[in-house]
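Summary of structural features
If you want the building blocks of each chain, they are given just below.
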Amino acid sequence: FKISFLTLSPFMNQDFGVGEKGFPIRARQAIAGAKTGDTIILKEATYLDAQGNVQKLPTLSFKIN
């Protein structure tokens with residue numbers, strides 16, 4: 001999956017590339033400093049279904065409250 005982190009103050013979008021089996025360390029560090037209103041976005045996330053086929057998830061976004 002690809003990880004983006006959107007901050008509101010200052011308004012900025014950071015892309016952290018591809019995460020495999022977890023978030024890259026720089027993404028974790030950025031998220032640790034998240035403030036209310038910031039957003040974490042996961043793009044191109046996949047999973048294996050019961051038959052072992054790769055399935056795509058829709059873009060997932062999480063807003064920090």
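Description of the structure in this document. (Residues numbered from 1 in each chain as written. Predicted model: local features only at pLDDT ≥ 70, side-chain atom pairs only at ≥ 80, totals over all residues. Heavy atoms only, no water.)

**Section: the pattern of salt bridges**
Tallied over the full model, the rule gives one salt bridge. Between Lys-2 and Glu-44 there is a salt bridge, and its shortest N-O distance comes to 3.4 Å. With Lys-2 in strand S1 (residues 2-8) and Glu-44 in the loop between strand S3 (39-43) and strand S4 (46-48), the pair connects residues that are 42 residues apart, well separated along the chain. Judged by relative accessible area, which is 37%, Lys-2 ranks as partly exposed. (Salt bridge = Lys/Arg side-chain N within 4 Å of Asp/Glu carboxyl O. Helix = DSSP H or I, 4+ residues; strand = E, 2+ residues; numbered from the N terminus. Buried < 20%, exposed > 50% of the residue type's maximum accessible area, 1.4 Å probe, protein only.)

**Here's the deal with the pairing of strand S2 (residues 11-18)**
Strand direction decides the pairing type here: S1 and S2, joined by six bridges, are antiparallel. When the bridges of S2 are listed, Leu-6 appears paired with Asn-13. Where S1 folds back onto S2 in an antiparallel hairpin, the turn is made up of two residues. (Pairing = 2+ DSSP bridges.)

**Section: the pairing of S3**
The buried fraction of S3 amounts to four of the five residues, a majority that puts the element mostly inside the structure. With four bridges joining them, S3 and strand S6 (residues 60-63) adopt antiparallel strand pairing. If you follow Leu-42 over to S6, its bridge partner there is Leu-60.

**A word on the sheet that holds S3**
Reading across from one edge, S2-S1-S3-S6 is the order of the four strands in this open sheet, with antiparallel pairing throughout. Looking at which strands have only one partner, the edges of the open sheet turn out to be S2 and S6. Looking at each pair of strands side by side, their axes are set apart by 15° on average, direction ignored. Across the sheet, helix H1 (residues 25-32) is in contact with S1, S2 and S3; its angle to S2 comes to roughly 150°. (Axes fitted to C-alpha atoms, helices over the stretch in contact; angles between N-to-C directions. Contact = heavy atoms within 4.5 Å.)

**Thoughts on the environment of Gly-17**
Within the secondary structure layout, Gly-17 lies in strand S2. C-alpha separation for the pair Gly-17 and Lys-43, spaced 26 residues apart in sequence, amounts to 9.9 Å. Setting aside residues up to four positions removed in sequence, Gly-17 forms contacts with Phe-1, Lys-2 and Ile-3.

Just distances and angles here, no functional claims.
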